[in-house]
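Given next are the chains, with one letter for each unit.
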Amino acid sequence: IPDYIAKIYREQSQYPSLSRADVGPVITSQYGGSYSNISTEWTQQDLERNEIVKFCRQYIVFHDNKSIVYSGPSGNCTEIKGELLSQDSPSGEMKAVMRECSIKGEEKQFLEIWHRNRKIKSLNLTELKKHGKVYEDDQFGCLVWSHSETHLLYVAEKKRPKAESYFQSGSESTLLVDEDEVMKSAKKEDSVKGDQFVYYEDWGETLVTKATPVLCILDIEGNNVSVLESIPDSISPGQAFWAPNDTGVVFVGWWHDTADANSFTMLCVFLYARSSLFYVDLTGGKCERLSSDSAAVCSPRLSPDLCRIVYLECEVYGPHQQCNKLCMDLIVVDTSTDQVTSLTSKSNMGSWCLLTIHRDLMVVSCSSPNCPPSLRVGFLPVSGSEDEMSWVTLEEAQTQPEIDWQILSFTPPPEEDNSQYPGLDYEAILLKPKDVTEKTKLPLIVNPHGGPHSVIVAEWLLSPAVFCSVGFGVLLVNYRGSIGYGQDSILSLPGNVGTQDVKDVQFAVESVLKQGGFDREKVVVTGGSHGGFLACHLIGQYPDFYKACAARNPVINLASMIGSTDIPDWCMVEAGFDYKTNTLLSPAMLEQMLNKSPIKHVTQVKAPVLLALGEDDRRVPNKQGLEYYKSLKAFNVPVRLLWYPDNNHSLSKVDAESDGFMNIVLWLIQHLSL
Ligand SMILES: CSCC[C@H](NC=O)C(=O)N[C@@H](C)C(=O)O
């Protein structure tokens, strides 16, 4: 059985995901036809190399600016190695690449400029020592060409003064008698004694080692990098772009809120904190705030006519991922009338993701739980004609005939309605193996998502597809509190975690079992993070119902986690308290956190539990899983612990993900006696 399942996992993991698309400028051919080049980037697991590989493929799209006349690939795939960031220049003539490579065993970062078929510049940023490592993440990182194509803007770690010990050899300058040595010492960089072991607070999970971002500009002609000094120290800049005419730079600045020095500070720096839009003028150096200073903003964009900045804004310190963004369905918002129209309503594809839009030419990735991602392009129809939207497929994917899926809706029973936010429904996605006989009763894997304010969309998902291919039904529950269902749904959950979300999942499972087709003696539960919190709650609150459980980095005890997670506000908000950086935790608050945690029900648990923990998890420190592991052992519940070194909260390194999947499926099969 393991070999058979591993074979299916290997096959299904070979479907790549689209991660990016760029549309080049419109080119008029010598025969009068117009076309644009589209470059796409994809990622795929390489199980042999134990890496996620990134590759690109180019397409050519002939069009008349309204519809597509002809399209097709213009070459084969090429693997991309060592690229941290890359960006074509607005004219399409040049390309900038931020590259990391190892030279004689030392990691160096280069900024390269490519022109047509040549690399015309390769600047060793590490040697230049103007700043530390370049930020390549989605939170702060950017690589942006100026409109004039003469400068590049990016974010990097601020240069730190060299730190040395008071006792380092040669640090006592009075001992230097040799004149040459004195000269050498004068040339040495300024160093700070005694700061060698100073702790730098970083930005937490997925941003470890990133502490103090600075905006940097490369003058391409002059080979000169300057760090923008006029940004106040009280903010951390990121997500930057050039203002029209390159007169300045617009960016998001995260405020370093600090608590009253005399009170108990939990944490001041994390990403759900206050942020504003800023403009820094490059001639006078003046830095001014453009948006409110009491909200959180992100994703600013300059409109194509260069007249407006569009950005997202939400309240500070509320539930993470609260309503401020459009996602899942591809929709058009008419900014003058606020009307929202679907462009994909006629399609049977479950999920549409807009990769880019350039002069009304859209590039999308679309997929379903039974169909890996395909690449499509289409022109945005004129307002009112959205029904006529027509998509052209550049890269087709095969529907998996053995998988059936549907979206189910649930109305909570009256006693579970939320009196503050009444009348909220929720949904789940059910995957089933196709072509099973009517009499077959399938085992069912219940999987609530994490967050809790996130969502599972009807897209291609590797693990559920493999589970389904080997004979399991999979129920992915978007309980009340999931995103995409409005702010009331999100706000209904904080203060009610461990009850409302747990009951929503259980109600969904019971409803599916009533429909028939599943074996109620063969129901198991899996989940990661807050999904792991729910899985552990479910086996504690419904001990005879679930026959096995597998949890990735689960939240086990809010009270013990608040002091060690990188997002302590999460524990406060989800437990039902307002968050302030200088809150002093009271015994009553800690009691409430404990009461809402799965550890509270550990004595009831009967289901064997498989725990998968990341050694470097900063979000839900692995001490959470260990706390559960020790308790389960103390109560003689079968438990197995998988420990993944060099992995953080997501356990997404290729060997961890594939090994985790195999262990989970075999654990479930073993404890269901399949
Ligand atoms: C203090 S961690 C809380 C749980 C975590 N929420 C936010 O990061 C979570 O559930 N994450 C989900 C999205 C996951 O890792 O799958």
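Here the residue numbers are simple positions, counted from 1 along each chain's written sequence. At least 70 in pLDDT is required for a residue's local features to be given in this predicted model, at least 80 for side-chain atom pairs to be given and counted, and no such filter applies to totals for whole chains, interfaces and linings, which use all residues. Excluded from the side-chain calculation are hydrogens and water; included are all heavy atoms of the structure.

Student: Hey, could you run me through the site of the ligand in this one?
Tutor: The nearness test applies per residue and asks whether one of its heavy atoms lies within 4 Å of the molecule or strand. Within the structure, the ligand sits among Gly450, Gly451, Ser529, His530, Arg552, Met561, Thr565, Ile567, Trp570, Arg619, Val620 and His649. Definition of a polar contact: a pair of N or O atoms within 3.5 Å, with one able to donate and the other able to accept a hydrogen when the atoms are protein atoms, and with sequence-neighbouring residues admitted only if both atoms are side-chain atoms. Arginine 619 is positioned such that a nitrogen or oxygen atom in its side chain is 3.2 Å from an oxygen atom of the ligand. Residue exposure ignores everything except the shown protein chains as possible cover, and the areas themselves are Shrake-Rupley values with a 1.4 Å probe. Coverage of the ligand by the protein amounts to 82% of the 440 Å² it exposes when considered alone. Three classes are used, and their members are as follows: Ala, Val, Leu, Ile, Met, Phe, Trp, Tyr, Cys and Pro are nonpolar, Asp, Glu, Lys and Arg are charged, and the others, Gly among them, are polar. Residue classes in the shell around the ligand are distributed as 4 nonpolar, 6 polar and 2 charged.

Student: Quick question: what am I supposed to make of the packing of helix H9 (residues 568-575) against helix H10 (residues 587-595) here?
Tutor: The relative placement of two packed helices comes down to the angle between their axes together with the axis-to-axis distance. Angles run from 0 to 180 degrees between N-to-C directions of axes, and those axes are lines fitted to C-alpha atoms, restricted for helices to the stretch in contact. Runs of E in the DSSP output that reach at least two residues are strands. Runs of H or I that reach at least four are helices, and both are numbered from the N terminus. Contact pair H9 / H10: the axes reach a minimum separation of 10 Å and the direction vectors enclose 80°. Relative to H10, the element H9 is oriented roughly perpendicular. On H10, the residues that touch Cys571, Met572 and Ala575 of H9 are Met589, Gln592 and Met593. Class assignment for the residues of the contact of H9 with H10 results in 5 nonpolar, 1 polar and no charged. The labels follow the angle: roughly parallel below 35 degrees, roughly antiparallel above 145, roughly perpendicular from 65 to 115, and oblique for the rest. Pairs of residues are marked as contacts when any of their non-hydrogen atoms sit within 4.5 Å.

Student: Even after reading the chapter, I still don't get the side chain of serine 469, so can you show me in this structure?
Tutor: In this fold, serine 469 is placed in helix H4 (residues 462-469). Its relative accessible area of 16% is what places serine 469 among the buried residues. A distance of 3.3 Å separates polar atoms of two side chains, one belonging to serine 469 and the other to glutamate 402. The residues contacting serine 469, other than those within four sequence positions of it, are Tyr4, Ile8, Gln12, Glu402 and Ile403. Each residue's exposure class comes from its accessible area (1.4 Å probe, protein chains only) as a fraction of the maximum for that residue type: buried when under 20%, exposed when over 50%, partly exposed otherwise.

Student: What am I meant to see in the environment of alanine 550 here?
Tutor: Within the secondary structure, alanine 550 is located in strand E34 (residues 549-552). Its relative accessible area of 3% is what places alanine 550 among the buried residues. C-alpha of alanine 550 to C-alpha of arginine 618: the two residues are 68 residues apart in sequence and 20 Å apart in space. The residues contacting alanine 550, other than those within four sequence positions of it, are Val525, Thr526, Gly527, Leu610 and Ile664.

Student: Hey, could you run me through helix H7 (residues 530-541) in this one?
Tutor: Structural remark: α-helix, 3.6 residues per turn; residues separated by three or four positions point the same way. When the terminal C-alpha atoms of H7 are compared, their 16 Å separation across 12 residues agrees well with the 16 Å that a helix rising 1.5 Å per residue should span. With 11 of 12 residues buried, H7 is to be regarded as a mostly interior element. Looking only at H7, the buried set comprises His530, Gly531, Gly532, Phe533, Leu534, Ala535, Cys536, His537, Leu538, Ile539 and Gly540. Multiplying one less than the number of residues by 1.5 Å gives the expected span of a helix.

Student: Would you take a moment to explain the UniProt feature "domain: Peptidase S9 prolyl oligopeptidase catalytic" (unreviewed entry) in the protein for this structure?
Tutor: UniProt positions are given in the numbering used here, feature names are shortened, and annotations may be inferred rather than shown by experiment. UniProt feature "domain: Peptidase S9 prolyl oligopeptidase catalytic" (unreviewed entry): in the numbering of this structure it lies at residues 464-672. Annotated as residues 464-672, this span is 43% helix and 16% strand, and its ends, taken at the C-alpha atoms, are 18 Å apart.

Student: Is there a simple way to explain the packing of aromatic side chains in this structure?
Tutor: Note on aromatic pairs: each is described by the distance of the centres and the angle between the planes. Working definition: rings of Phe, Tyr and Trp (its six-membered ring) pair if their centres are within 6.5 Å, and the pair is stacked with planes under 30 degrees apart, edge-to-face with planes over 60 apart, and tilted otherwise. Counted under the stated rule, the structure contains 15 aromatic pairs. An angle of 85° between the planes, with centres 5.5 Å apart, marks the rings of tyrosine 135 and phenylalanine 140 as edge-to-face. The residues tyrosine 135 and phenylalanine 140 share a single accessibility class, namely buried. Here phenylalanine 467 and phenylalanine 661 contribute two aromatic rings whose centre-to-centre distance is 4.9 Å and whose plane-to-plane angle is 45°, an arrangement assigned as tilted. Taken together, the residues phenylalanine 467 in helix H4 and phenylalanine 661 in helix H12 (residues 654-671) connect sequence positions 194 residues apart. Take phenylalanine 467 and phenylalanine 661: they sit in the same class, and that class is buried.

Student: What should I look at first to understand the nonpolar core in this one?
Tutor: Generally speaking, soluble globular proteins have nonpolar side chains that are buried together. With 62 residues, the main nonpolar core has Leu475, Val509 and Tyr628 as its most contacted residues. Residue contacts for valine 509: discarding those within four places in its chain leaves Leu444, Val446, Leu475, Val523, Phe545 and Tyr546. Counting residues in each nonpolar core, the second largest holds 34 residues, with Val466, Cys468, Leu476 and Leu610 among its members. To qualify as a nonpolar core, a set must consist of buried Ala, Val, Leu, Ile, Met, Phe, Trp, Tyr and Cys residues joined through side-chain atoms within 4.5 Å.

Student: Honestly, unusual backbone geometry in this entry has me stumped. Any pointers?
Tutor: Note the cis peptide between glycine 451 and proline 452, where omega equals 0°. Summarising the element assignment, proline 452 is placed in the loop between strand E31 (442-448) and H4. Notably, asparagine 65 is not glycine yet its phi reads approximately 70°, a positive angle. Among the secondary structure elements, asparagine 65 is positioned in the loop between strand E4 (51-63) and strand E5 (68-73). A residue is classified by how much of its surface remains accessible, and asparagine 65, at 44% relative accessible area, is partly exposed. Residues other than glycine seldom take positive phi values, yet asparagine 245 does so here, at roughly 65°. The topology assignment puts asparagine 245 in the loop between strand E17 (235-242) and strand E18 (248-255). Asparagine 245 gets classed as exposed once you look at its relative accessible area, which sits at 67%.

Student: What is the right way to read the confidence of the model for the protein from this model?
Tutor: If pLDDT is low for a region, its predicted coordinates should not be looked at in detail. Known as pLDDT, the predictor's confidence for each residue is given on a scale from 0 to 100. Averaged over all residues, the pLDDT of the protein is 90; the fraction at 70 or higher stands at 93%. For residues 173-177, every residue scores under 50 in pLDDT, and the model assigns this stretch 3 contacts once sequence neighbours within four places are set aside. A low-confidence stretch, residues 259-269 (pLDDT under 50), is modelled with 32 contacts involving residues beyond four sequence positions or located in other chains. On the interface metric, ipTM, the complex scores 0.96, and its pTM is 0.86.

Student: Help me understand the sheet that holds strand E28 (residues 392-395) in this model?
Tutor: In sheet architecture, strand pairing relies on hydrogen bonds along the backbone and comes in two forms, parallel and antiparallel. The rule for pairing is simple: two strands pair if DSSP sees at least two bridges between them. The strand order E25-E26-E27-E28 describes an open sheet built from 4 strands, whose pairing is antiparallel. Single-partner strands in this sheet number two, and they are strand E25 (351-358) and E28. Ignoring which end each strand starts from, the neighbouring axes of this sheet average 30° apart. Strand direction decides the pairing type here: strand E26 (residues 361-368) and strand E27 (residues 371-379), joined by 7 bridges, are antiparallel. Note on E27: the bridge partner recorded for cysteine 366 is serine 374.

Student: I tried to follow the sheet that holds E34 on my own but got confused; where do I start?
Tutor: Read from one edge to the other, the open sheet built from 8 strands follows the order E29-E30-E32-E31-E33-E34-E35-E36, with strand pairing classed as mixed. In this open sheet, the two strands that pair with only one neighbour each are strand E29 (403-410) and strand E36 (639-644). Strand-to-strand twist of the sheet, defined as the mean angle between neighbouring strand axes without regard to direction, takes the value 20°. Here E34 pairs with strand E35 (residues 609-614) via 4 bridges, running parallel. Pairing of alanine 550 across the sheet is with leucine 610, part of E35. Along the sheet, H12 makes contact with E31, strand E33 (518-528), E34, E35 and E36, crossing E36 at roughly 175°.

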